[in-house]
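Survey of secondary and tertiary structure
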Amino acid sequence: LFDSGHFRVVVPSGWIAFLGIDSECRITEKNSHICKDAKSETDLFTHASVTICFYGRDDCYISPKFIYDNVVDLEEFTLGAYTWNGYTCTSLGYPYTMLETNHDGCVFQVMILTKNGEYEISLADADVQTILTSLTQTN
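All figures in this text were calculated on a predicted structure; none of them were measured in a lab.

Let's shift gears to the sheet that holds strand 9 (residues 106–113). Note on sheets: strands pair through backbone hydrogen bonds, and any given pair is parallel or antiparallel. The antiparallel open sheet is built from seven strands, whose spatial order is 3-4-5-9-8-7-6. Two strands lie at the open edges of the sheet, namely strand 3 (15–21) and strand 6 (69–79), each paired on one side alone. Looking at each pair of strands side by side, their axes are set apart by 20° on average, direction ignored. Here strand 5 (residues 49–55) pairs with strand 9 via seven bridges, running antiparallel. In the strand pairing of strand 9, S49 is matched with L113.

Turning our attention to the state of the cysteines. Under the definition given, this model contains zero disulfides. Not engaged in a disulfide, the cysteine C25 finds its nearest cysteine sulfur in C53; these two sulfurs lie 14 Å apart. Residue classification places C25 among the exposed positions, given a relative accessible area of 62%. Here C53 stays unpaired: no disulfide links it, and the sulfur of C89, its closest cysteine neighbor, is 13 Å away.

Using the criterion set out here, one finds six salt bridges in the structure. Through salt bridges with shared partners, a single ionic network connects D22, E24 and R26.

What follows concerns a nonpolar patch on the surface. Together, I62, F66 and I67 give the surface a local cluster of nonpolar side chains, amounting to about 390 Å² of exposed area. Residue F66 is classed as exposed on the basis of its relative accessible area, which comes to 68%.

Membership of the largest hydrophobic core comes to 23 residues, with the highest contact counts inside it found for V50, I52, W84, V110 and L135. Breaking this core down by element, the ones donating at least two residues are strand 2 (7–9), strand 5, strand 7 (82–91), strand 9 and helix 1 (126–134). Ranked by residues supplied to this core, first place goes to strand 9 with four residues. When near neighbours in sequence (up to four residues on either side) are disregarded, V50 contacts W15, S32, H33, I34, V110, M111, I112, I121 and I131. Within the second largest apolar cluster, six residues are counted, among which are Y68, Y87, C89 and M111.

Definitions and limits used
- Residues numbered from 1 in each chain as written.
- Predicted model: local features only at pLDDT ≥ 70, side-chain atom pairs only at ≥ 80, totals over all residues.
- Heavy atoms only, no water.
- Pairing = 2+ DSSP bridges.
- Helix = DSSP H or I, 4+ residues; strand = E, 2+ residues; numbered from the N terminus.
- Axes fitted to C-alpha atoms, helices over the stretch in contact; angles between N-to-C directions.
- Disulfide = S-S within 2.5 Å.
- Buried < 20%, exposed > 50% of the residue type's maximum accessible area, 1.4 Å probe, protein only.
- Salt bridge = Lys/Arg side-chain N within 4 Å of Asp/Glu carboxyl O.
- Patch = residues over 30% accessible without salt bridge, like charges linked within 9 Å, V, L, I, M, F, W, Y side chains within 5 Å.
- Areas by Shrake-Rupley, 256 points an atom, 1.4 Å probe, with all protein chains shown as cover.
- Core = buried A, V, L, I, M, F, W, Y, C linked by side-chain atoms within 4.5 Å.
- Contact = heavy atoms within 4.5 Å.

Right under this line is the structure:
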C-alpha cells in the first residue's frame, strides 16, 4: 500500500511507487508514479507506468485533452469508488490512456503510459485494474 499523503493505492507485486514533481520541479504528495518492472525511479523513463495526479478543492484543474494527438474518447465506466471518463491519445509519439474523475470537489487524473520501449500495460490488465480499484482519497 502506497500513501502519498493525499491518496492511498495498492502497488502490485513487481511495481514500484514514488512521489512525482510539480510544475516547479519540487517533490509533491499530489503526484505519484507507479512503474511496472522497475528497479529504480529512473526506470520511469523506459518503462510503462501509471501516474496519478490529485487536485484538491482549491487547485485549478483543466483537462489537457486538447494538447494530445489521436484522441479517442472512452465510454464512461465505474471502477472502485469512482466513475471515470477518459480517452486514449498519443503524446510525443507515446500512447496513453487518460482517465479523470471528480469526487467531493476534487479531481483524480490518471495517466497510463501503455507502451514504452519493450514494456506494455493496458487499462484491461489486472494490475492496472487493481491500482484503479484501490485508489482512495485520504484528505
